[in-house]
Amino acid sequence: YYHLTMTMLLVRPVVRTSARRMSTVAASTVSSDVQSYISEAPAATVSTLGNGVTVASLYNADGSGSGYTTVRLSGVGSRFDSVGGEAAILASSMGGVVGREHISLSSISSLSADAATSNLDALKGNLSCKLAGLSYESQMMDHLHSTAYQNGPTGNSLGNALEGSAESVASVSADDVASLLGGVNGTNVVVVGTGNGSHEKLVAEAEKAYGSLSGASGSKAVGSVADKSAFIGSDVRIRYDSHNTATIALGFEGASWTDPKAMPLALMSTLLGSFSKSDGLGKNVAAAMCQEVADHELASSISVLNLSYSDTGLFGMVATAPDNKLDDLLWYVMPNFVRLAHGVSDEEFTRAKVTLKTQILASFDGDVAAGEQMAQQIGTVGRVVSLTEMMAKVDALTMDDVKAAAGDVINDQDHALAAIGGIHELPDYNWIRRHSYMLRY
């Protein structure tokens, strides 16, 4: 049995004023006591070609190990698809991975759609097979974006499916793929080298591959857009009564890459934590929300969703749970989200900071990971952010920052929801919306 419902909530905008303000954690002037292996770590070397291509490297001083190259191409991704799936086809033809606002490549290669157009049928067939085997969680994330961002700025939409649909992929033409690279200029390209190598040689290779690209005319600052994506409180529910589990994603409008709330939201994600029955820790998790989920066996897994884009973001949770425990799951999850707007204990706050620092350091663990992080930073905030600065920003966060961010993002705010599976016990939109705030006087 298959049943699909969609709900859209339209509310009159309400202007709120608040005395709470974010502390200036985004500034790079903050100071912090950090370990010497972090503060004394070598800094990245960054060069900019004449047409705006950014080349950065962080090579080993002793020249040991292998060399790795990461190329990030902004302005090309599922967000900019006109049919659906052409960015994924282009990325596949270049040996890369598609994102919603970029394509990542594992080597320097010329930006050409020839490989895609000459093997279009084979690439479309491979992508169609991949789409047929998508997990419910992957499908759910596409549904979450499609319902949250039903209307996008002219020429793009975050609501587009990451790799298209079976129907849209079949409709993609060679011209559709070729047109993706038409507006790409030098400022859209970031080349990063890590491991063993020479910065001068990397610059020469980048010049050879991307030096012919035009420079940007009247380019805007990194992270800025002409029109902001409109977040719409709504949900999409795909119900299978034959399933005994459900996968759900709930998201509030979060923060863009350059939003001052980005760091407080990252800390909030560690406060809420994650849990999976397959983890070795079992029920011995630190986060209060996950403790309750584990103790009452409300879900087989739950994790925080914290996604940032150039003009907006999504903050919420993803969970897989038994079909007969969805009501209980939301009963425990929603108060844990809302209480962030009212404060947590000092012990929780301190532990969350330590966890966030650990996650930041882990994201740079290894040459490949470090290269991807550097490319992402340059492509989203316009520069490489040192580990020392990131540790200092975490230390500078206060409880007021978290409360202010949670107040803006969660407290009495609309949400978007996507759910697939046995969802007959999942509370309706208004129930969840009502539990996005506390009746406290």
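Residues numbered from 1 in each chain as written. Predicted model: local features only at pLDDT ≥ 70, side-chain atom pairs only at ≥ 80, totals over all residues. Heavy atoms only, no water.

### Let's talk about the nonpolar core
Generally speaking, a soluble globular protein has its nonpolar side chains buried in company with each other.
Then, in step 1: Counting 66 residues, the largest nonpolar core has Met-268, Ile-302, Phe-315, Leu-329 and Phe-337 as its most contacted members.
Then, in step 2: Discounting chain neighbours no more than four positions away, the residues touching Leu-329 are Ile-248, Val-293, Leu-298, Ala-299, Ile-302, Ala-319 and Ala-321. (Core = buried A, V, L, I, M, F, W, Y, C linked by side-chain atoms within 4.5 Å. Buried < 20%, exposed > 50% of the residue type's maximum accessible area, 1.4 Å probe, protein only. Contact = heavy atoms within 4.5 Å.)

### Description of the packing of helix H9 (residues 262-272) against helix H15 (residues 399-409)
The description of two packed helices rests on the angle between their axes and on the distance between the axes.
Then, in step 1: With their axes 9 Å apart at the nearest point, H9 and H15 run at an angle of 90° to one another. In terms of orientation, H9 and H15 fall into the roughly perpendicular class. Together, Pro-264, Leu-265, Leu-267, Met-268 and Leu-271 of H9 and Asp-401, Val-402, Ala-405, Ala-406 and Val-409 of H15 make up the contact between the two elements.
Then, in step 2: Residue composition of the contact of H9 with H15, grouped by class: nine nonpolar, no polar and one charged. (Axes fitted to C-alpha atoms, helices over the stretch in contact; angles between N-to-C directions. Helix = DSSP H or I, 4+ residues; strand = E, 2+ residues; numbered from the N terminus. Parallel < 35°, antiparallel > 145°, perpendicular 65-115°, else oblique. Nonpolar A, V, L, I, M, F, W, Y, C, P; charged D, E, K, R; others polar.)

### Re unusual backbone geometry
Then, in step 1: Not every positive phi belongs to a glycine, and Glu-297 is a case in point at roughly 50°.
Then, in step 2: Here Glu-297 lies in the loop between helix H10 (288-295) and strand S11 (301-308).
Then, in step 3: With a phi close to 55°, Asp-412 is a non-glycine residue in the positive phi region.
Then, in step 4: Residue position: Asp-412 is located in the loop between H15 and strand S13 (415-421).
Then, in step 5: Residue Asp-412 is classed as partly exposed on the basis of its relative accessible area, which comes to 24%.

### Thoughts on the packing of aromatic side chains
Then, in step 1: A full pass over the atoms with the stated rule returns three aromatic pairs.
Then, in step 2: Between the aromatic rings of Tyr-136 and Tyr-240, the centroid separation amounts to 6.4 Å while the plane-to-plane angle is 35°, which identifies the pairing as tilted. Here Tyr-240 lies in strand S8 (residues 234-240) and Tyr-136 lies in helix H5 (residues 136-148), a separation of 104 residues in the sequence.
Then, in step 3: For Tyr-136, a relative accessible area of 36% gives the class partly exposed. (Phe/Tyr/Trp six-rings, centres within 6.5 Å; stacked < 30°, edge-to-face > 60°.)

### Re the side chain of Lys-124
Then, in step 1: Topologically, Lys-124 is positioned in helix H4 (residues 120-132).
Then, in step 2: With no salt bridge to any partner, buried Lys-124 finds its closest opposite charge in Asp-121, at an N-O distance of 4.8 Å.
Then, in step 3: Residues within four places of Lys-124 in sequence aside, it is in contact with Ile-89, Val-169, Ala-170 and Val-172. (Lys, Arg positive; Asp, Glu negative; His and termini not counted. Salt bridge = Lys/Arg side-chain N within 4 Å of Asp/Glu carboxyl O.)

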